[in-house]
Structure formats: structure tokens, C-alpha cells
Amino acid sequence: MIKGLKRAWEAWKKIARKIGNFQARVILTVFYGVLLMPFGLAARFFSDPLRIKRRPEQWLDHPNEAQDLSWARKQ
């Protein structure tokens, strides 16, 4: 009787591990698709951290200064 239960328990652990791996992949895929992907797309389309896109002059946050040697030394 004990051997049969032990064998059944070992078989259940193998099956449960496969079910758990599948469930984790499904949950993480849904998490990525619902939360991370839209956030990443929004950040990519609506932000410009390197200020590469042209913007009107009034949006710049620094005054128009002469950029010469004395200006470079103040940095």
C-alpha cells in the first residue's frame, strides 16, 4: 500500500510540475501583453529623452545663449 502511494505521489509531482510550468508561462505572457507591452509602446511613441524630434523654439527649456568657449567653461 505504501509503495503504491509513493509511486502515485511521484507521478503526481511530475504532472504538477508540467502544469505549473505551463500555467506560469501563460500568466507571464498575459502579464506582458496586458501591462508591459502597452506601457513600452506608449513610452516609445510619446517620449523623446534625447530630444531628437524637432519642437518649436518656445518649448526649449534653456535660453538662447552664445555657445562659445566661455559658455563651454561654465558647464
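What counts, and at which threshold
- Residues numbered from 1 in each chain as written.
- Predicted model: local features only at pLDDT ≥ 70, side-chain atom pairs only at ≥ 80, totals over all residues.
- Heavy atoms only, no water.
- Helix = DSSP H or I, 4+ residues; strand = E, 2+ residues; numbered from the N terminus.
- Buried < 20%, exposed > 50% of the residue type's maximum accessible area, 1.4 Å probe, protein only.
- Areas by Shrake-Rupley, 256 points an atom, 1.4 Å probe, with all protein chains shown as cover.
- Salt bridge = Lys/Arg side-chain N within 4 Å of Asp/Glu carboxyl O.
- Patch = residues over 30% accessible without salt bridge, like charges linked within 9 Å, V, L, I, M, F, W, Y side chains within 5 Å.

Description of the overall build of the protein chain
Consideration 1: Each helix and strand counted, the protein chain has two helices and zero strands in total.
Consideration 2: Relative to its full complement of 75 residues, the protein chain shows a buried share of 1%.
Consideration 3: In the structure as shown, the protein chain presents an accessible area of about 7900 Å², 65% of it carried by carbon and sulfur atoms.

Brief notes about the pattern of salt bridges
Consideration 1: In total, this model carries one salt bridge according to the counting rule given.
Consideration 2: Notably, a salt bridge pairs E10 with K13, separated by 3.5 Å at the nearest N-O pair. Within this pair, E10 and its partner K13 are both found in helix α1 (residues 2-46), separated by three residues, close to a single helical turn.
Consideration 3: Using a relative accessible area of 41% as the deciding quantity, one classes E10 as partly exposed.

A word on a nonpolar patch on the surface
Consideration 1: A contiguous nonpolar patch, built from F22, V26, V30, F31, Y32, V34, L35, L36, M37, L41, F45 and F46 and spanning about 1300 Å² of accessible area, is present on the exposed surface.
Consideration 2: Mapped onto the secondary structure, L41 falls in helix α1.
Consideration 3: Looking at L41, the relative accessible area reads 42%, which means it is partly exposed.

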